[in-house]
Amino acid sequence: MKTDKTDILALLRNSKDYVSGQQLCDRFGVTRTAVWKVINQLKGEGYQIESISGKGYRLLEEPEDILSESEIASRLHTKWAGRKVYYYDVTGSTNNDAKRCGEEGDPHGTVVVADIQNAGKGRRGRGWQTLSGTALAFTILLRPDFVPDRASMITLVMALSVAEAVEEVLEGAEDAVTTIKWPNDIVLNKKKICGMLTEMTMTPEMDEIQYIVVGAGINVNNGSPEEFQEEIRETATSLKIETGRQVSRAELLEKVLLRFEENYAVFLETLDMSGLREAYQNHLQGVGNEVRVLDPAGEYTGISRGINDRGELIVEKEDGERVQVYAGEVSVRGLYGYV
Ligand code: BTN
């Protein structure tokens, strides 16, 4: 039934004219009653579908933002990213779910999406809150055959893909500037809209990658800063707060996965960021500006000179020495309260 719903929705969406009940029956090999049930389910979910006897069905309007398995599946035109999707109304953490998929043999590109995460994970052991109807929280499972030291760049590939997809859905929105804070925070008008968490699992022999999960949490339709936890209220924002637009999370996911598939292919050609460096750098916040590197061995400041082919941030210290930062927290002047 789920597949029928996905297919019927996709067909209605792509048809400018009425689609007769008989056409739907013939196309999907289902009964009239089954079609009628699917149409009623879709109406119940907020799709406005006109039914005229003798003509058939026509999709008049879609709900502004609905996240469901059918909505996601009916939109995806990717080759491998998201060809298998697990959608949950509520889960603990999509990263943990995707890791389970990794253990259970799900294919490369499997995506887990949730409306609510009640044990979402942030970086450095922090939590990540995902409230109903607000964020796009998803994780993609990858089964790469490159060596482990290339894996840290995957998060930059995803950061670029999210930034590009956000720009696409916000096209035409005035004064909406999407940037990346190295390595992978996505920033809209100088506040954070997205964080990412990449986790890698090695084979038991510890010599190869078994799988990688890349999770992203994008603040999409949070209506006001009060919806964020107090500690991030000053530094976080959402697409809706910045632009006033309600964005379809399923559409955003579709665009992210399309971009990711393209960018990942470019990455695989050289197994480094050389093919994506320019695009990434065009989004990178603070190139030429002061950054503070919170190195465990001692904090220092310098000027950001962008990334190298390995995705490391090049920081020029006052004495002219250039340091390649490959991990750790970096504060960028002008962002998140660093003035
Ligand atoms: C950060 O601290 O900036 C990273 C936040 C990552 C959150 C996302 S939401 C989807 C995925 N599932 C998780 O449990 N975490 C990531």
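For the structure, check the block above.
Below: a short report on this structure. All of these numbers come straight from a predicted model, not from anything done at the bench.

1. Side note on the site of the ligand
Stage number 1. The local shell around the ligand holds 18 residues, among which Ser 93, Gln 117, Lys 121, Arg 123 and Lys 192 are the closest.
Stage number 2. Take Gln 117: an N or O atom from its side chain is 2.9 Å from a nitrogen atom of the ligand.
Stage number 3. One nitrogen or oxygen atom from the main chain of Lys 121 is found 2.7 Å from an oxygen atom belonging to the ligand.
Stage number 4. Burial of the ligand by the protein amounts to 98% of the accessible area it has alone, namely 420 Å².
Stage number 5. Broken down by secondary-structure element, the contributors of at least two residues to the shell around the ligand are helix H5 (94–104), strand E5 (135–142), strand E8 (191–202) and strand E9 (209–219).
Stage number 6. Counting residues per element, the shell around the ligand draws most heavily on E8, at four residues.
Stage number 7. Of the residues belonging to the shell around the ligand, the class tally is five nonpolar, ten polar and three charged.

2. Describing the packing of aromatic side chains
Stage number 1. Taken as a whole, this structure holds five aromatic pairs when the rule is applied.
Stage number 2. Here a set of aromatic residues connected by ring pairs shows up, and it is made of Trp 80, Phe 146, Phe 260, Tyr 264 and Phe 267.

3. A closer look at the nonpolar core
Stage number 1. With 67 residues, the main nonpolar core has Val 113, Phe 138, Ile 218, Leu 239, Leu 252 and Tyr 280 as its most contacted residues.
Stage number 2. Here this core takes eleven residues from helix H6 (residues 154–169), the largest share from any one element.
Stage number 3. Listed in part, the 19 residues of the second largest apolar core include Leu 24, Ala 34, Tyr 47 and Tyr 57.

4. Regarding the sheet that holds strand E6 (residues 178–181)
Stage number 1. What the seven strands build is an open sheet, ordered E3-E4-E5-E9-E8-E7-E6; its pairing is mixed. Across the chains shown, the open sheet's two edge strands, defined by having one partner strand only, are strand E3 (85–91) and E6. Neighbour-to-neighbour, the strand axes of this sheet turn through a mean angle of 20°, independent of strand direction.
Stage number 2. Across four bridges, E6 lies against strand E7 (residues 185–188) in antiparallel orientation. When the sheet's bridge partners are listed, Ile 180 is paired in E7 with Ile 186.
Stage number 3. Relative to E5, helix H8 (residues 249–270) is tilted by about 30°, and along the sheet it contacts strand E4 (111–117), E5 and E9.

5. Some remarks on the pairing of E8
Regular strands have side chains that alternate between both faces of the sheet.
Stage number 1. Of all twelve residues in E8, nine are buried; the element is thus mostly enclosed.
Stage number 2. Relative to E8, E7 runs antiparallel, the two sharing three bridges. Residue pairing in the sheet places Val 187 in a bridge with Lys 192 of E8.
Stage number 3. What sits between E7 and E8 in their antiparallel hairpin is a turn of two residues, with Asn 189 showing a positive phi close to 50°.
Stage number 4. Across nine bridges, E8 lies against E9 in antiparallel orientation. Residue pairing in the sheet places Leu 197 in a bridge with Gly 215 of E9.
Stage number 5. Joining the antiparallel neighbours E8 and E9 is a turn of six residues, in which Met 206 adopts a positive phi near 65°.

6. Here's the deal with the packing of H6 against H8
Stage number 1. Contact geometry of H6 with H8 gives a least axis separation of 8 Å together with a crossing angle of 135°. When the axes of H6 and H8 are compared, the pair comes out oblique. For the pair H6 and H8, the crossing hand works out as right-handed. Residue-level inspection shows Ile 154, Val 157, Met 158, Leu 160, Ser 161, Val 162, Glu 164, Ala 165, Val 166, Glu 168 and Val 169 of H6 in contact with H8, the latter providing Glu 251, Leu 252, Lys 255, Val 256, Arg 259, Phe 260, Asn 263, Tyr 264 and Phe 267.
Stage number 2. By residue class, the composition of the contact of H6 with H8 is 13 nonpolar, two polar and five charged.

7. Observations regarding the pairing of strand E10 (residues 290–294)
Stage number 1. Residue alternation in E10 divides its side chains into a buried set, Val 291 and Val 293, and an unburied set, Glu 290, Arg 292 and Leu 294.
Stage number 2. Judged from the four bridges that link them, E10 and strand E11 (residues 300–307) form a sheet pairing that is antiparallel. Note on E11: the bridge partner recorded for Val 293 is Tyr 300.
Stage number 3. As consecutive antiparallel partners, E10 and E11 are separated by five residues, and within that stretch Gly 298 has a phi angle of approximately 145°, a positive value.
Stage number 4. Summarising the sheet, E10 and strand E14 (residues 329–332) pair through four bridges and their orientation is antiparallel. Bridge assignment links Val 293 to a residue of E14, and that residue is Val 330.

Scoring rules and cut-offs
- Residues numbered from 1 in each chain as written.
- Predicted model: local features only at pLDDT ≥ 70, side-chain atom pairs only at ≥ 80, totals over all residues.
- Heavy atoms only, no water.
- Near = heavy atom within 4 Å.
- Polar contact = N/O pair within 3.5 Å; in protein donor to acceptor, adjacent residues only side chain to side chain.
- Areas by Shrake-Rupley, 256 points an atom, 1.4 Å probe, with all protein chains shown as cover.
- Helix = DSSP H or I, 4+ residues; strand = E, 2+ residues; numbered from the N terminus.
- Nonpolar A, V, L, I, M, F, W, Y, C, P; charged D, E, K, R; others polar.
- Phe/Tyr/Trp six-rings, centres within 6.5 Å; stacked < 30°, edge-to-face > 60°.
- Core = buried A, V, L, I, M, F, W, Y, C linked by side-chain atoms within 4.5 Å.
- Buried < 20%, exposed > 50% of the residue type's maximum accessible area, 1.4 Å probe, protein only.
- Pairing = 2+ DSSP bridges.
- Axes fitted to C-alpha atoms, helices over the stretch in contact; angles between N-to-C directions.
- Contact = heavy atoms within 4.5 Å.
- Parallel < 35°, antiparallel > 145°, perpendicular 65-115°, else oblique.
- Left-handed = near helix turned anticlockwise from the far one by under 90°.

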